[in-house]
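Structural characterization, general
Here's the letter readout for the chains.
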There are 2 protein chains.
Amino acid sequence: MPNKSSFDLLDYQIIQELHADVRMSSSEIARKLNANERTIRKRIDRLIADEVIRPTAVVNPQAFGYVTAVDIFLDAEPDQEDEIVKALLSIPEVTYFAFGLGSREMSIEARFKNNDDMREFLRHGITAIPGVLVKGYALVPRILRNIDEWMPKKEDFGLETD
Amino acid sequence: MPNKSSFDLLDYQIIQELHADVRMSSSEIARKLNANERTIRKRIDRLIADEVIRPTAVVNPQAFGYVTAVDIFLDAEPDQEDEIVKALLSIPEVTYFAFGLGSREMSIEARFKNNDDMREFLRHGITAIPGVLVKGYALVPRILRNIDEWMPKKEDFGLETD
DNA sequence: GCTGAAAATTATGCATT
DNA sequence: AATGCATAATTTTCAGC
């Protein structure tokens, strides 16, 4: 079956390199991949412009003392969805925020420096938002992988597996 | 109350700039912050060495056709924890993986290109791992924030709020 | 821990295929 | 879409404060 992916081997290799070290210079990538520096740069620019990759500095919450994480499952009043979304996104402790299937379902992950802060948030922080009900929550003692560590498969670039 | 944060205003500003655009040159950051380029570079190197920030290219699953996400809650046989962790981390579709409170509890988030792939994973992919039981799962139609977008508060740098 | 100055490296703009 | 070339900008190295 022919693959009509819009990416090729060079894209795959560039993304691999940038994923491992986004500060690597285009010249060095070009050297490693036996390609022209100008070509590499244009590819990188296009990958960024097309929002295929987003170069950023991911901040480690633990370095700032945020050692506790909790997943919170919410029931949100549909009439106030816009306000609720806005309120949740404005909370700095919220590190993840997603909609569930039903129009009322939302889930967040939040980080805290200690159990008191977490408890305070669960009891007074989150419930202070009008239209929000905490359906349940679960402590998350250890996170082993996050989206920023994700990489597509080789096949996603229209390439055969090794 | 005096704050004994190990970070200062300059660190805060540097992280802000890099978070917004990690490709920004040290020279440009220095210009924006009225600091010396050498100073900025050393600060950046230290922030990276101390694992406060991790410069990377976050890959957008949607750009590769991964349009569906599902949260899966697992019951894992404690005796086989090591093997299960290894197996889960080796699955490319898994974009999030965390332990729950109990020694048996794990949760993952996985991405798929379509519902068939997701269903296949739920019915045969995940359950093929010895010692793993799917307790439940929930579709995630839309994700509004992820950890890579997180930034500490100004107070976390030992600074007053505006 | 911060800064200076020269050398090496890299990025950019323009043109060509 | 990829590349060569000249110029501008940045990073690096070594040093001193």
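Below or above, wherever it landed, is the structure these notes cover. (Residues numbered from 1 in each chain as written. Chains lettered and ligands numbered in written order. Predicted model: local features only at pLDDT ≥ 70, side-chain atom pairs only at ≥ 80, totals over all residues. Heavy atoms only, no water.)

What about the protein's contact with DNA strand C?
Applicable threshold: Being near a molecule or strand, for a residue, means having at least one of its heavy atoms within 4 Å of it. Any pair of N or O atoms that falls within 3.5 Å is considered a polar contact. Within protein, one atom must be able to donate a hydrogen and the other to accept it, and sequence-neighbouring residues count only if both atoms are side-chain atoms. What counts as a helix is a DSSP run of H or I of at least four residues, what counts as a strand is a run of E of at least two, and both are numbered from the N terminus.
Close to DNA strand C lie Ser25, Ser26, Ser27, Arg31, Glu37, Arg38 and Arg41 of chain A together with Asn36, Arg38, Thr39, Arg43 and Arg46 of chain B, which account for all nearby residues. Each atom of DNA strand C within 4 Å of the protein belongs either to a base or to sugar and phosphate, the latter forming 72%. A distance of 3.3 Å is found between a phosphate oxygen of DNA strand C and a side-chain nitrogen or oxygen belonging to Ser27 of chain A. Between DNA strand C and Arg43 of chain B there is a distance of 2.9 Å, counted from a phosphate oxygen to a side-chain nitrogen or oxygen. Of all elements in the fold, only helix H2 (26–33) and helix H3 (37–49) of chain A together with helix H3 (37–49) of chain B reach the threshold of two or more residues within the surface near DNA strand C.

Let's talk about the protein's contact with DNA strand D
What counts, and what does not: Only Asp, Glu, Lys and Arg are considered charged in this grouping, and only Ala, Val, Leu, Ile, Met, Phe, Trp, Tyr, Cys and Pro are considered nonpolar; every other residue, Gly among them, is considered polar.
As a structural note, the neighbourhood of DNA strand D is formed by 13 residues, with Asn36, Thr39 and Arg43 of chain A together with Arg31 and Arg41 of chain B the closest of them. Of what DNA strand D places within 4 Å of the protein, 76% of the atoms are sugar or phosphate. With respect to DNA strand D, the side chain of Ser27 of chain B contributes an N or O atom lying 3.0 Å from a phosphate oxygen. Among the elements of the structure, H3 of chain A together with helix H2 (26–33) and H3 of chain B are those that each provide at least two residues to the surface near DNA strand D. Per-element tally for the surface near DNA strand D: the top contributor is H3 of chain A, with five residues. Each residue belonging to the surface near DNA strand D can be placed in one class, and the counts come to no nonpolar, five polar and eight charged.

Description of the side chain of Glu109 of chain A
Formally: For each residue, the accessible area found with a 1.4 Å probe, counting protein chains only, is set against the maximum for its type, and the residue is called buried under 20%, exposed over 50%, and partly exposed in between. A contact between two residues is defined here by any heavy atoms of the two lying within 4.5 Å.
Here Glu109 of chain A is to be found in strand E4 (residues 105–112). Under the relative-accessibility criterion, Glu109 of chain A is labelled buried at 4%. Within polar-contact distance, the side chain of Glu109 of chain A engages the side chain of Tyr96 of chain B at 2.6 Å. Apart from residues lying up to four places away in sequence, Glu109 of chain A is in contact with Val70, Asp71, Glu93, Val94, Thr95, Tyr96, Val140 and Ile143 of chain A together with Tyr96 of chain B.

Observations concerning the relation of the copies chain A and chain B
We apply this condition: Residues below a pLDDT of 70 in either copy are left out; the C-alpha atoms of the rest, at least 70 in both, set the least-squares superposition of the copies.
For the match of chain A to chain B, the screw axis carries a shift of 0.0 Å, the RMSD comes to 0.1 Å, and the turn is 180°. Here the symmetry operator amounts to a two-fold rotation axis. Both copies contact each other with a shared surface, as 100% of the interface residues of chain A are interface residues in chain B too.

A word on the interface of chain A and chain B
To keep it simple, the criterion reads: Summed over both partners, the accessible area lost on bringing two parts together, with a 1.4 Å probe, is the buried area. Any carboxyl oxygen of Asp or Glu that lies within 4 Å of a side-chain nitrogen of Lys or Arg is treated as forming a salt bridge with it.
Taken together, the 60 residues of chain A in the interface contact 60 residues of chain B. Interface area, chain A with chain B, both sides summed: about 5,700 Å², of which 59% is carbon and sulfur. Across the chain A-chain B interface, the total number found is eight salt bridges. One salt bridge connects Asp45 of chain A with Arg23 of chain B, and the closest N-O pair in it is separated by 3.5 Å. For the interface between chain A and chain B, the tally reads 38 residue pairs in polar contact (both at pLDDT 80 or more).

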